[in-house]
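Residues per chain, in single letters:
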Amino acid sequence: MTNDPAELLRMARELALEAGRLIADRQREAHITATKSSGVDIVTQVDLASERLLRERIAGLRPGDGILGEEGQDVPGSSGITWVIDPIDGTVNYLYGLPSYAVSVAAVTGPARSHEWTTLAGAVFDGSGRLWSAGRGLGAWRDGEALHKDGAPPLAESLVGTGFQYVARSRAAQGQFVAKMLPQVRDIRRLGAAAVDLCLVAAGHLDAYYEHGLHAWDFAAGSIIASEAGVKVAGIDGGAPDEHLVIAAHPAVWNELRDALETAGARELLAAP
């Protein structure tokens with residue numbers, strides 16, 4: 001068993017495609033089976049079926065690997081590789097028939113729960129049928145097209161993506177925060193799937209992206225796709241992105257966006273309970 005990024009990338013693509021086809025085939029029968037952080041943070045039976053498929057395939061193909069998934073328990077591994085999986089990122093969009101949802105699969109080395117990881121490969125299969133993928137040092141692709149973000153407009157002319165949490169108090173604070181950001185950018189989009197948003201930054205469909213309160217499975221795959229396309233993906237201090245804040249932009253604009261987020265009160269939002 002190898003930990004070569006090219007081999008992990010091949011497997012990530014296969015996993016994302018298989019799970020993506022499963023959720024596409026079962027979309028019409030999807031229904032809510034549980035809630036998580038609040039009554040509007042939903043899980044469908046298809047989320048569970050997709051994660052079960054991913055876990056079974058990983059266990060069969062690489063039984064020594066760990067697994068960190070949104071809908072199930074952590075599986076410790078012995079190989080040094082952990083698969084960070086989101087069976088449906090953007091479940092609300094999926095339930096409503098909106099295309100901004102995805103299966104997200106990433107292979108990381110290091111302790112995933114503490115975010116002291118290195119992502120070696122990732123793949124995102126979205127609701128429009130596109131496969132986004134990247135391997136460390138290997139580049140990023142949308143289907144068979146190589147991605148590279150050559151430049152970006154200044155912040156005032158940037159289309160910026162973001163998202164909101166499902167806990168009412170947090171959403172209210174994030175709403176007040178985004179109101180402070182709106183005058184500083186071209187416009188803001190809330191599409192509802194972090195993995196997809198990061199891929200859209202990689203392809204230039206969004207100029208930049210930020211979001212508070214994500215989980216590892218929301219951004220592990222999308223972050224390497226954006227990074228390999230030339231996007232800087234980091235936390236507020238410029239280190240690794242984490243569950244507090246993810247900021248993604250071309251390196252020429254990243255500091256300007258980070259400074260605007262700070263001026264709008266990003267650190268205070270991070271410190272809020």
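Residues numbered from 1 in each chain as written. Predicted model: local features only at pLDDT ≥ 70, side-chain atom pairs only at ≥ 80, totals over all residues. Heavy atoms only, no water.

A few points about the pattern of salt bridges
Per the counting criterion, the structure on display carries 13 salt bridges. Salt-bridge contacts for Arg 26 lead to Glu 29; the nearest nitrogen and oxygen are separated by 3.0 Å. A residue is classified by how much of its surface remains accessible, and Arg 26, at 26% relative accessible area, is partly exposed. Here Glu 29 falls in the partly exposed class, since its relative accessible area comes to 43%. (Salt bridge = Lys/Arg side-chain N within 4 Å of Asp/Glu carboxyl O. Buried < 20%, exposed > 50% of the residue type's maximum accessible area, 1.4 Å probe, protein only.)

Section: the pairing of strand S6 (residues 118-126)
In terms of burial, S6 is largely enclosed, as eight of its nine residues are buried. Across eight bridges, strand S5 (residues 102-109) lies against S6 in antiparallel orientation. Bridged to Thr 109 within S6 is Thr 118. As paired strands, S6 and strand S7 (residues 131-135) are joined by five bridges and run antiparallel to one another. Looking at S7, one finds that Phe 125 is bridged to Leu 131. What sits between the antiparallel neighbours S6 and S7 is a turn of four residues, in which Gly 129 has the positive phi angle 85°. (Helix = DSSP H or I, 4+ residues; strand = E, 2+ residues; numbered from the N terminus. Pairing = 2+ DSSP bridges.)

Some details on the environment of Arg 171
Among the structural elements, Arg 171 can be located in helix H4 (residues 168-181). You can call Arg 171 partly exposed: its relative accessible area is 34%. Aside from chain neighbours lying at most four places away, what touches Arg 171 is Phe 164, Gln 165, Tyr 166 and Arg 190. (Contact = heavy atoms within 4.5 Å.)

Some words on the sheet that holds strand S13 (residues 232-234)
Sheet architecture is open: five strands sit in the order S11-S10-S12-S14-S13, paired in mixed fashion. Only two strands of the sheet have a single neighbouring strand rather than two, namely strand S11 (187-190) and S13. Neighbour-to-neighbour, the strand axes of the sheet open up by a mean angle of 15°, direction not taken into account. Sheet topology places strand S10 (residues 159-162) next to S11; four bridges connect them, and they run parallel. When the sheet's bridge partners are listed, Val 160 is paired in S11 with Ile 188. (Axes fitted to C-alpha atoms, helices over the stretch in contact; angles between N-to-C directions.)

A closer look at the nonpolar core
Within the largest apolar cluster, 37 residues are counted, with the highest numbers of intra-cluster contacts made by Val 84, Val 124, Trp 132, Tyr 209 and Ile 225. Of all the secondary-structure elements, those providing two or more residues to this core are S5, S7, helix H5 (194-203), helix H6 (216-228) and strand S14 (245-249). Val 124 has contacts with Ala 102, Val 103, Ser 104, Arg 130, Leu 131, Trp 132, Ala 195, Cys 199, Ala 221, Gly 222 and Ile 225, leaving out every residue within four places of it along the chain. Counting residues in hydrophobic clusters, the runner-up holds 30 residues, among them Leu 15, Ile 67, Ile 81 and Val 103. (Core = buried A, V, L, I, M, F, W, Y, C linked by side-chain atoms within 4.5 Å.)

Some details on H4
Along its 14 residues, H4 runs 20 Å from first to last C-alpha, staying within 8% of the 20 Å computed at 1.5 Å per residue. Looking only at H4, the buried set comprises Ser 170, Gln 174, Phe 177, Val 178 and Met 181. Along the long axis of H4, the arc covered by the buried residues comes to 100°, so they all point the same way. Exposed positions of H4 whose direction lies more than 90 degrees from the buried face are Ala 168, Arg 169 and Gln 176. (Expected span 1.5 Å × (residues − 1). Arc of directions from axis to C-beta.)

A closer look at unusual backbone geometry
One non-glycine residue, Asp 143, lies in positive phi territory at about 55°. Examined against the element boundaries, Asp 143 turns out to sit in the loop between strand S8 (139-142) and strand S9 (145-147).

Re the sheet that holds S7
In spatial order, the strands read S3-S4-S5-S6-S7-S8-S9; together these seven strands make up an open sheet with mixed pairing. With one partner strand each, in any of the chains shown, strand S3 (66-69) and S9 form the two edges of the open sheet. Each neighbouring strand pair of the sheet contributes to a mean axis angle of 20°, computed without reference to strand direction. Strand direction decides the pairing type here: S7 and S8, joined by four bridges, are antiparallel. By the bridge assignment for S8, Ser 133 is matched with Trp 141. Packing against the sheet, helix H2 (residues 45-61) makes contact with S3, strand S4 (81-89) and S5, and its axis sits at approximately 155° to S4.

Some points on the packing of helix H1 (residues 5-25) against H2
Between H1 and H2, whose axes approach to 10 Å, the crossing angle comes to 150°. By the angle class used here, H1 and H2 are roughly antiparallel. In this structure, H1 crosses over H2, and the sense of that crossing is right-handed. Counting all contacts with H1, which are made through Met 11, Leu 15, Glu 18, Ala 19, Leu 22 and Ile 23, the residues of H2 involved are Val 46, Ala 49, Ser 50, Leu 53, Leu 54, Arg 57, Ile 58 and Leu 61. For the contact of H1 with H2, the per-class residue count stands at 11 nonpolar, one polar and two charged. (Parallel < 35°, antiparallel > 145°, perpendicular 65-115°, else oblique. Left-handed = near helix turned anticlockwise from the far one by under 90°. Nonpolar A, V, L, I, M, F, W, Y, C, P; charged D, E, K, R; others polar.)

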